[in-house]
Amino acid sequence: MVVNAVLAPRTPASPWHGAAGRLALAARQALLGAAGRVALRLAPAGPHRRRAVRLLLQEAAQAGGGRVLESAAGELLLLGVTAAEAARAEAALSHCAGGPVPGTLWHLPQDAAPLLAWAEAAATPPAEAGVACDLASLDAALAMLPLGQVLVRREVLRLGPGRTPGFALRRMAVSRTRLAAALGPLSADPDLLDHAMDRIARRLAEAPPADRAGAAPPMLPLPLRGDPAEAPAPGATGVLPLVAAAGAALSLPRRERLAAAGWRLAIGGLDAAALHLIALGALPGEALLLLRWSPALADRAAQQALRGLDPERLVLTGCDGPEAFAWGFGRGIGCFAGPAVEALVNAARSDAARVAGAECGG
Amino acid sequence: MTAFGPAAVAAAELPLAGDAAALAALARNSVVAGVERQVLHIRLGRLASGLQHEHHHRLLREALAPMLRPSRARLFALPNGDLVAAAPPGGGHLETVATMLGTLFAGAAHRAVALLRLPEQAAALMVTIEAAVAPVAPPPLPPCGAALTATDAAALERAVGTASLAAHLRCRPVMRIAPTCGAPELQWTEWRLALPTLCAALLPGLDLRAAPALARWLRGLLDRRLLAELARPEEVRRLGHAGLAVGLACLATPEFQRLDGALGQPGRARLVLGFAAEEVLADPEGFLAAREVCRARGYRLALELEDAATLALLPPERLGVDLVRLPWTPGLEARAMAAAVPPERLVLAAVDRAAGIAWGWEAGITLFEGPLLRG
């Protein structure tokens, strides 16, 4: 049996680091034999997306004789494959991401100049504003982190054709981008960033921040473990990430305890990719579902996953324009959030301010 | 005989007494030495209560004795009142007795009498024995200690770097055990590092469940360690048909790429990569990418579940996995399971008692893994 021979002590492999330092050099080398080949550059993304992208690009590189490089800013470059291989990789990326993934395609050798210019610039790490912390001090850093630095307040509006818009919920969310920026290099690991999100959620649950009186009921993230304090206001909604559905975080006893403390339950993290995989009917029936908008929601798989679901349970988040609203209205969804909603709210507020100003002035 | 043969009926820890222990030993020896035996199981425990009195049993035993004598049969009385006769094959004595009893019990005959062959049906006999000796539930785990923190994770990372992990490597056979025919067949071997015991050894008293994302991170660390070891040429040659439970994070690592390259196309086709439901839910997009890549490379995919409830949430046909691995617990609902996934694609894991095999058979499952089937 191999059991005892297999695992002798050894030094752990260093974590995957970007090849930023080698970028310009590698780009120059690749250009030598790259006539007729292409380079595909993908914009920086959050750690989860980046992990998926890296995996798919590595596959394309292996199949097409190219290589994958990563810039200090988190951009990924697939270098030296055929145009067909790059197109296959792009198709796989957009299939997994549930929509087009922004990227730049350079044909070699004619696009060598912009590629090299990018490689020279990308090799320099950006000025790191994050807390310089190692893993051992991560929890301490998270305990000290000023919440205002990572929290974003977002309105959830009740909208519909022919109805007066109204405030449904006032969402206080932890911004993954801001949290990642605050934590620096550690947060490039998706699991560690998830952990950080959960720690911040725990801080919020222990001491929910006060909001101005008279605002819509608050919506706050909930931690995966432990019992949060009493809900800060009537109608308060607590959001758990989708991963909670696999374990004790959404067990019946815990849901009962949350309800007893005055929390209404919501489940976040649903998007087109998730709808490909999960059966929404198996999620707790009382939970509000936060569905992230992307054009891929119009796919047949996503439509099928939503069939039979009461649209009153859905909040469409990440709405960035009229297409999102139209899709939501078509499905009977009444609650919306995202940049387009913020724009609506801001426009309404400045209108109101102008009216008030005019009244004062007049 | 493979090294896995007798493991299927390993029953050293079963709380047996007297005849039951002797019968279990007979079943085990029959498998180990390949001795053929015919076994007649008379399920008196299932007869109508009117036939359940002590004098019925005594009369039956007395009636059986002369019939069994010429066949050199041994009679075993199990704690639940069932009788089991075992005899060398041939002669037709046990068949005669079975027919006679069938006439006697009339309508209930098919439930009251069963003929088994050893060693082929040793597992079925072990199920019978175990069902007869009221199973003892393992004591519940003691409450966990302090919640896992990032500081602990960093300490574990350092410790894992220098510790030998051999003691925490679990290598378990997945066997095909059919209720009707054949000896247990080895299908493949599951390899995994036991994170809970490893953490308990390196930093005792930690509650891993208190910080699930950190536990995933730790698991990624161990994945790389295991993959690096498995990618060594001599290990790759020995790996054969195998199952690996890994996290999504490992696929893009150099360690995985090395193993992937060393396996080659035939080796990849013999490997089942198992992803935990939690990994899928924590990163659906990452799972879709992993699925894309694993399929392109020729791996088979499995979904690793901790409980049956998650099966409804992640329908295997949507995930596009070839297999579902589910730990057996005595309370598992067989019917719900059969509706969610074809039984031939289910592996019943953590089978620590023969009752798990009986449960699996009821649900149509024939792939089993667990402490009961030791390698």
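Residues numbered from 1 in each chain as written. Chains lettered and ligands numbered in written order. Predicted model: local features only at pLDDT ≥ 70, side-chain atom pairs only at ≥ 80, totals over all residues. Heavy atoms only, no water.

**Student:** So what exactly am I meant to see when it comes to the overall build of chain A here?
**Tutor:** Looking only at helices and strands, chain A has 13 helices and 12 strands in total. A burial count over chain A gives 50% of its 362 residues as buried. A total of about 15,900 Å² of accessible surface is found on chain A, and carbon and sulfur atoms cover 58% of it. (Helix = DSSP H or I, 4+ residues; strand = E, 2+ residues; numbered from the N terminus. Buried < 20%, exposed > 50% of the residue type's maximum accessible area, 1.4 Å probe, protein only. Areas by Shrake-Rupley, 256 points an atom, 1.4 Å probe, with all protein chains shown as cover.)

**Student:** Quick question: what am I supposed to make of the pattern of salt bridges here?
**Tutor:** One side chain can pair with another of opposite charge once the charged atoms of both are near each other. Inspection of every chain in the model, using the stated rule, returns 30 salt bridges over all chains. Note that Glu59(A) is salt-bridged to Arg297(B), the shortest N-O span being 2.8 Å. Of this pair, Glu59(A) sits in helix α3 (residues 47–64) while Arg297(B) sits in helix α12 (residues 284–297), which puts the two residues in different chains. Judged by relative accessible area, Glu59(A) falls into the buried class, the value being 15%. (Salt bridge = Lys/Arg side-chain N within 4 Å of Asp/Glu carboxyl O.)

**Student:** Looking at this structure, I do not really get the nonpolar core. What am I missing?
**Tutor:** Inside soluble globular proteins, nonpolar side chains tend to come together where they are buried. In this structure, Leu179(A), Ile278(A), Leu283(A), Leu316(A), Leu244(B), Leu273(B) and Phe275(B) are the most contacted members of the largest nonpolar core, which totals 195 residues. Looking at this core element by element, the count peaks at nine residues for helix α8 (residues 212–230) of chain B. For this core, the domains that each give at least three residues are domain 1 (17–132) and domain 2 (150–374) of chain B. Ignoring sequence-local partners within four residues, the contact set of Ile278(A) consists of Leu242(A), Leu270(A), Leu283(A), Leu281(B), Leu313(B), Leu314(B), Pro315(B) and Arg318(B). By size, the runner-up hydrophobic cluster in this structure holds 18 residues, among which are Leu79(A), Leu108(A), Ala112(A) and Leu116(A). (Core = buried A, V, L, I, M, F, W, Y, C linked by side-chain atoms within 4.5 Å. Domains from an automatic or database assignment. Contact = heavy atoms within 4.5 Å.)

**Student:** Got a minute to help me understand the packing of helix α7 (residues 195–202) of chain B against α8(B) in this structure?
**Tutor:** The packing of two helices is summarised by the inter-axis angle and the distance between the axes. Residues and elements named next belong to chain B. Running from N to C, α7 and α8 point in directions that differ by 95 degrees, and their axes come no closer than 11 Å. Our classification of the angle between α7 and α8 gives roughly perpendicular. Residues Leu195, Leu198 and Cys199 of α7 form the contact with α8, whose participating residues are Ala215, Leu218, Arg219 and Leu222. For the contact of α7 with α8, the per-class residue count stands at six nonpolar, no polar and one charged. (Axes fitted to C-alpha atoms, helices over the stretch in contact; angles between N-to-C directions. Parallel < 35°, antiparallel > 145°, perpendicular 65-115°, else oblique. Nonpolar A, V, L, I, M, F, W, Y, C, P; charged D, E, K, R; others polar.)

**Student:** Looking at this model, I keep getting lost on the interface of chain B and chain A. Mind explaining?
**Tutor:** The accessible area lost on association of the parts is a frequent measure of interface size. Counting residues at the interface gives 65 residues for chain B and 56 residues for chain A. Taken as a group, Glu285(B), Leu313(B) and Arg318(B) account for 12% of the area that chain B buries against chain A, more than any other trio of residues on that side. Our count for the contact surface shared by chain B and chain A stands at five salt bridges. The tally of links from chain B across to chain A stands at 12 residue pairs in polar contact (both at pLDDT 80 or more). Examining the composition of the side of chain B that touches chain A, we find that 12 residues originate from one element, α12(B), more than from any other. For the side of chain B that touches chain A, the class distribution of residues is 38 nonpolar, eight polar and 19 charged. (Buried area = accessible area lost by both parts, 1.4 Å probe. Polar contact = N/O pair within 3.5 Å; in protein donor to acceptor, adjacent residues only side chain to side chain.)

**Student:** I'm lost on the domain arrangement of chain B in this one. Help?
**Tutor:** Residues and elements named next belong to chain B. For chain B, the domain assignment lists domain 1 (17–132) and domain 2 (150–374). The C-alpha-based centres of domain 1 and domain 2 are spaced at 39 Å. Listed by partner, the interface residues are eight residues for domain 1 and 11 residues for domain 2. Here domain 1 and domain 2 share an interface that buries about 670 Å² over both sides, 62% of which is from carbon and sulfur atoms.

**Student:** I'm lost on the sheet that holds strand β9 (residues 264–270) of chain A in this one. Help?
**Tutor:** Each strand in a sheet pairs with its neighbour through backbone hydrogen bonds, running either in the same direction (parallel) or in the opposite one (antiparallel). Residues and elements named next belong to chain A. In spatial order, the strands read β5-β6-β7-β8-β9-β10-β11-β12; together these eight strands close into a barrel with mixed pairing. Across three bridges, the pairing between strand β7 (residues 218–221) and strand β8 (residues 237–240) is parallel. Its bridge partner being in β8, Pro221 is matched across the sheet by Val239. (Pairing = 2+ DSSP bridges.)

**Student:** So what exactly am I meant to see when it comes to unusual backbone geometry here?
**Tutor:** Note: most residues except glycine have negative phi, and most peptide bonds are trans. Of note, the bond from Leu108(A) into Pro109(A) is cis; its omega dihedral lies within 30 degrees of zero at 5 degrees. If you trace the backbone, Pro109(A) turns up in the loop between β4 (103–107) and α5 (112–122). Phi at Ala350(B) takes a positive value of approximately 55 degrees, unusual for a residue other than glycine. Within the secondary structure layout, Ala350(B) lies in the loop between β13 (346–349) and α16 (354–362).

**Student:** For this particular structure, what's the right way to read the pairing of strand β12 (residues 323–327) of chain B?
**Tutor:** On any regular strand, side chains alternate: one points to one face of the sheet, the next to the other face. All names here are of chain B. By the criterion of burial, β12 is predominantly enclosed, with four of the five residues buried. As judged from the three bridges shared by strand β11 (residues 300–304) and β12, these two strands associate in the parallel manner. Note that in β12 the partner of Leu303 across the bridge is Val324. As paired elements, β12 and β13 share four bridges and run parallel to each other. Looking at the pairing, Val324 lines up with Leu346 of β13.

**Student:** Honestly, the packing of helix α2 (residues 23–32) of chain A against α5(A) in this entry has me stumped. Any pointers?
**Tutor:** Residues and elements named next belong to chain A. Where α2 contacts α5, the axes come no closer than 8 Å and their chain directions differ by 160 degrees. On the basis of the axis angle, α2 is roughly antiparallel to α5. For the pair formed by α2 and α5, the contact residues are Leu23, Ala24, Ala27, Arg28 and Leu31 on the first element and Ala112, Leu115, Leu116, Trp118, Ala119, Glu120 and Ala122 on the second. Its residues assigned to classes, the contact of α2 with α5 shows 10 nonpolar, no polar and two charged.

**Student:** What's the story with the environment of Pro89(B) in this structure? I'm lost.
**Tutor:** All names here are of chain B. Relative to the elements of secondary structure, Pro89 occurs in the loop between β3 (83–87) and α3 (93–105). Each C-alpha atom of the pair Pro89 and Glu36 lies 6.7 Å from the other, and the pair is 53 residues apart in sequence. The residues touching Pro89, leaving out its near neighbours within four places in the chain, are Glu36, Arg37 and Gln38.

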